[in-house]
Amino acid sequence: MRVVPSICTFCGVGCGLGLRVEDGRVIGVEPQPGHPVSQGQLCAKGWASSFAIDPHGRLTQPLIKEHGQFRPASWDEALDLVADGLRSALDERGPSGVGVISCARATNEDNYAAQKFARAVLKSNNIDHCARICHSPSVAGLSRTLGSGAMSNSIADIDQADLILVVGADVTENHAMIGARMLRAQARGATLVVVDPRKTRLARLADIHLQLRLGSNIALLNGLLQIILANGWENAAFLAERCADIAPLRRHLAALSLEQCSAQCGIGVAELERVAYLFSQAKAAFTAYGMGITQFQSGTNNVIALSNLVLACGQIGRPGTGINPLRGQNNVQGACDMGCLPNVYPGYQEASDPAVRAKFAAAWGTEVAQAPGLTSLGMMHAAQQGELRALLIMGEDPLQTDPDQNQVARAFAALDFLVVVELSLTATAQQADVVLPAAAFAEKDGTFTNCERRVQRIRQAIAPPGLARSDWQILGELAARLGYAGMAWRDAEALFAEITALTPSFSAMSYPALEAKHGLQWPCDAEHPRGSPILHRQRFPIGRARLLAVSQVDVDELPDAEYPFAFTTQRLHFHYGCGSMTRKSPLLERETPAGLLFIHPMDAAELGLAQHQGVRVRSRRGFLETRIELTDDLPRGTLSMPYHFIEAPCNRLTNDAQDPISKMPELKACAVALQPLPPGQAPSRAAGASEVTHASL
Ligand SMILES: Nc1nc2c(c(=O)[nH]1)N[C@H]1C(S)=C(S)[C@@H](COP(=O)(O)OP(=O)(O)OC[C@H]3O[C@@H](n4cnc5c(=O)[nH]c(N)nc54)[C@H](O)[C@@H]3O)O[C@H]1N2
Ligand SMILES: Nc1nc2c(c(=O)[nH]1)N[C@H]1C(S)=C(S)[C@@H](COP(=O)(O)OP(=O)(O)OC[C@H]3O[C@@H](n4cnc5c(=O)[nH]c(N)nc54)[C@H](O)[C@@H]3O)O[C@H]1N2
Ligand code: SF4
Ligand SMILES: [Mo]
C-alpha cells in the first residue's frame, strides 16, 4: 500500500488527506499529519472520499444520445460531435450563442483551461460557475469596499481571536474543521457570537445567539453600527488612517430608527447594544460569514453592511481579526481566481480593460472575446429566449442546484446542444446530447485553492476509470478540433507555469515551491515570496477602504394567505452539493433519510402532522413531496430543506429573484404552502429528475 498526499475534494477548508492506494485503487484515506489547516483530522465527508470516486457508478467512456438513449462512443467520435455542435452555434449566433459553465470542484488548471477555451477558442466571455449562486455577492461587495473579495485572514487566525462573529454560516456542519477550531477558541476564552435564524449546533453552543428574522441582516448590522457610532465605540484612528470619509454613512445611520431596526430583525435593543459593545471593543474580532449573508437579492448590500461594521471598528488587517467569507467548494476560490467569471481574466484582471485583453491575446497568440459575457443564470435566460444555442457544462449539476428547477429544465430543452463533462450521470448530465467522462481529484495532478487562498498540490494516485481524462485535456482536444493549438500543454505543471506567468498574484508560485510547504497563500509574488497569510495589513488594494450606506431590503417573496410559510434552504453535514459524490457512501447515506422538510413541532401540530409524515410542498414555481422532520432549530412559521436530494429537489420551489449587482438568486427565502399527505402515504419521488438515486447509478 502507498499513501499519496492530497487535498479533500469537498469543502473549501482544504484539509490534507493521504490517499491509501492498493492495486491501483484508493482503498481508504487518512488525515495528513501536521497539515496547517486540518491538523491531522478530517470530517466524516473527508473520511468517505474514496467512495466519492469509486469506479462503480463513474462514467468511463464518452456517451452520445441517440433517440433519447445514451450509447457509448469513442473520444474521437464524441469530440468531433461536440466540436460540430459548438461550431454550428457559433455560425448561427456568433460568440454570444455559446457558453461554458466551469467547475469549482475541479483544479485550477482545469478552470484556467475552461476560461481560456471560452475566451480564446469560442471568443466568448460567457463563462461562469457556481460562485454565482454562492459568494458572488462577496466578490462584488468586498471588491467595492476593500478591493478584494477573498478571506482576509488565515484559518489559524481563529486561534488568536478574542471574539468570533459568525453571520449566516452553519460552520460545524459545512466547514467542520473551522467549526471545531472556533469551539476550541471559545473553550480557551474567546467569545462566540452567532447570527442565524436557525439554532444551528454552533448557535446552541455560542455565548450569544442572535436569532434574527430571515432576511433581516442589514437591519441588524445597521442597528449594531448605529449603536457603535452613537456611543463613540468606533476605531477613530483606523477610520482616519485607512478609510475614506465615513461621514455619509454616519448621516445615513443616524437617520435610522434603532427601534425600527430592532423590530425589523426581531432582536431587542439591549441585545444589540451588548453585541455592539463586545464586537467594537474586542482586541481581535474574527468575522466569518456564509450563505445566510449572500444568498439574498440583497446579497451584495448584506456584504457591504458587514464590511462597514468591520471597518468602523478597525477589526481587520491584523492577526486574528478580519472579514472572512467562508468559500464553499474545495476550489471555488480557485475557479474565481482563474477567471471563470464573465467579467475577469485570471487574477481578477478586468475583461473590460483593452490592455488586459491585449495582454492575453498576445500571450495566447489569438484574438480573444470582445463583448461582455453572461452569468450562469443569464445563460439560462438567454437559452430560453433562443439566444444561447450551445452550452458546455463542466462538473456542475444546475438542474438540481440552480434555483427554480422547472425553469432550468426549460432552458436545457431550448438549447440546440448541451455537453456535460462529469464524473457520474447527474440529473444535468442525463439531459445532455453528449456526456464526457472526467478524471476525479485522485486521478490527476493539479492544484486546489482553499478558502484562505492557500494553493495546494493534489497528485495523481491512480489511473482514471476507463477512458476518463482530466478536464483540461478534454478542453485541449476540443480546442484543437476548433482550430486552436494553444491548449496542448505537456502536463499540469506546464499549465500551472502559464497561469503564474499571466497572473501577477501567483507570480512567485511553482509546483516545487508549493510542495516545499503545505501550499502558498496568494498574493505570492516578488514582494511576498512566501505568500500572504493576512491581507490588508498596511493598505487595501483600493488604497483607502470605502464605507457605503445601505438600507434593509426585504426578501422578494414574503408569506401570504396562499403561501403562508417562509421557506429557506440549508446543508446537512453528511451530504454535499447535489449528492452525486456523498450519496455513493453507504456510511454517509445511512446518517439521514433522503429529502427532509424541517418544521417546528407546533407548526406541525397545528396542521395535524406527525413526525416523518409525508407532505406536499408548493411554491409559485413548483411542488414536491417529502417527509417532515420535527425540530425547534427553526422559528415558527419557517420551513427549511437541504438541497442534496434528487428525490425531493428543493430547487423546484426556490425563487430566482436576483441581486441586481451580483445576480445572486434568493436561494435562502421564498414562500410555500404545505399540504399533509394522508397518514401512511409515502411521498412520491420527484418525477422528471431521475428515477434512480446516485447511490444506485
Ligand atoms: N456538509 C456540507 N458542507 C458543505 C457543503 C455541502 O453541501 N455539505 N457545501 C459547501 C458550499 S458550496 C458552501 S457555499 C458552504 C456553505 O456553508 P454555509 O454558508 O454554512 O451554508 P448554509 O447551510 O446554506 O447556510 C448557512 C446558514 O445561513 C442561515 N441563514 C438563512 N437565512 C439567514 C439570514 O437571513 N441571516 C443570517 N444571518 N443567516 C441566515 C441558515 O440558517 C444557515 O445556518 O458549505 C460548503 N460545505
Ligand atoms: N436551494 C439551494 N440551492 C443551492 C444552494 C443552497 O444553499 N440552497 N447552494 C448553492 C451553492 S453555494 C453552490 S456552490 C451550488 C453547488 O452546485 P453544484 O456545483 O452543481 O454542486 P456539486 O454537488 O458540487 O456538483 C459538482 C459536480 O462536479 C462533479 N465533479 C467533481 N469533481 C470534478 C472534476 O474534477 N471534474 C468535473 N468535470 N466534474 C467534477 C461532481 O461529480 C458533481 O456532480 O449549489 C447551489 N444551490
Ligand atoms: S472539513 Fe471540508 S475539507 Fe475538511 S475533511 Fe471535511 S469536507 Fe473535507
Ligand atoms: Mo457554494
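Everything in this summary refers to the structure shown in the same document. (Residues numbered from 1 in each chain as written. Chains lettered and ligands numbered in written order. Predicted model: local features only at pLDDT ≥ 70, side-chain atom pairs only at ≥ 80, totals over all residues. Heavy atoms only, no water.)

## Focus: helix α4 (residues 108–121)
- With 14 residues, α4 extends 19 Å from end C-alpha to end C-alpha; this agrees with the ideal 20 Å at 1.5 Å per step.
- Of all the 14 residues making up α4, 14 are buried; the element is thus mostly covered by neighbouring parts of the structure.
- Positive phi appears at K123, one or two residues downstream of α4, with a value of about 60°. (Helix = DSSP H or I, 4+ residues; strand = E, 2+ residues; numbered from the N terminus. Expected span 1.5 Å × (residues − 1). Buried < 20%, exposed > 50% of the residue type's maximum accessible area, 1.4 Å probe, protein only.)

## A word on the site of ligand 2
- The immediate surroundings of ligand 2 are formed by 33 residues, with T401, E422, D471, C578 and S580 found nearest.
- The separation between an oxygen atom of ligand 2 and a polar side-chain atom of Y643 is 3.4 Å.
- For ligand 2, the protein covers 99% of the area, taking 920 Å² as the surface of the free molecule.
- Looking at the shell around ligand 2 residue by residue, the classes come out as 15 nonpolar, ten polar and eight charged.
- Both domains that meet at the shell around ligand 2, namely domain 1 (63–133 + 330–511) and domain 3 (565–676), each give it at least three residues. (Near = heavy atom within 4 Å. Polar contact = N/O pair within 3.5 Å; in protein donor to acceptor, adjacent residues only side chain to side chain. Areas by Shrake-Rupley, 256 points an atom, 1.4 Å probe, with all protein chains shown as cover. Nonpolar A, V, L, I, M, F, W, Y, C, P; charged D, E, K, R; others polar. Domains from an automatic or database assignment.)

## Description of the pairing of strand β9 (residues 191–195)
- Here β9 lies mainly inside the structure; four of its five residues are buried.
- As paired elements, strand β8 (residues 163–167) and β9 share five bridges and run parallel to each other. By the bridge assignment for β9, L163 is matched with T191.
- Pairing between β9 and strand β10 (residues 208–210): three bridges, direction parallel. Considered in β10, the bridge of V193 is made with I208. (Pairing = 2+ DSSP bridges.)

## Details of the packing of aromatic side chains
- Within the structure shown, the criterion is met by eleven aromatic pairs.
- Ring plane angle 40° and centroid distance 5.2 Å describe the contact between F496 and Y511, whose orientation is recorded as tilted. Of this pair, F496 sits in helix α22 (residues 492–502) while Y511 sits in helix α23 (residues 511–516), placing them 15 residues apart in sequence. The two residues F496 and Y511 agree in class, both being buried.
- The rings of Y112, Y345, F360, W364, W472 and W489 are connected pair by pair, giving a single aromatic cluster.
- In this structure, R119 is placed above the aromatic ring of Y345, and the distance from its NZ or CZ to the ring centre is 4.4 Å. (Phe/Tyr/Trp six-rings, centres within 6.5 Å; stacked < 30°, edge-to-face > 60°. Lys NZ or Arg CZ within 6 Å of the ring centre and 35° of its normal.)

## Brief notes about the sheet that holds strand β20 (residues 520–521)
- If you walk across this open sheet you meet the three strands as β18-β19-β20, and the pairing is antiparallel. Every interior strand has two partners, whereas the edge strands, β18 (446–449) and β20, have only one.
- With four bridges connecting them, β18 and strand β19 (residues 454–458) associate as antiparallel partners. Across the sheet, T447 pairs through a bridge with R457, a residue of β19.
- Where α4 meets the sheet, it contacts β18 and β19, and its direction lies at approximately 90° from that of β18. (Contact = heavy atoms within 4.5 Å. Axes fitted to C-alpha atoms, helices over the stretch in contact; angles between N-to-C directions.)

## What to know about unusual backbone geometry
- For the bond running from W522 to P523, omega is -5°, close enough to zero to count as cis.
- Assignment of secondary structure puts P523 in the loop between β20 and β21 (565–570).
- At D404, a residue that is not glycine, the phi angle is positive and equals roughly 55°.
- Positionally, D404 belongs in the loop between α19 (398–401) and α20 (405–414).
- Residue classification places D404 among the buried positions, given a relative accessible area of 6%.
- Residue H612 is not a glycine yet carries a positive backbone phi of 70°.

By themselves these figures say nothing about function.
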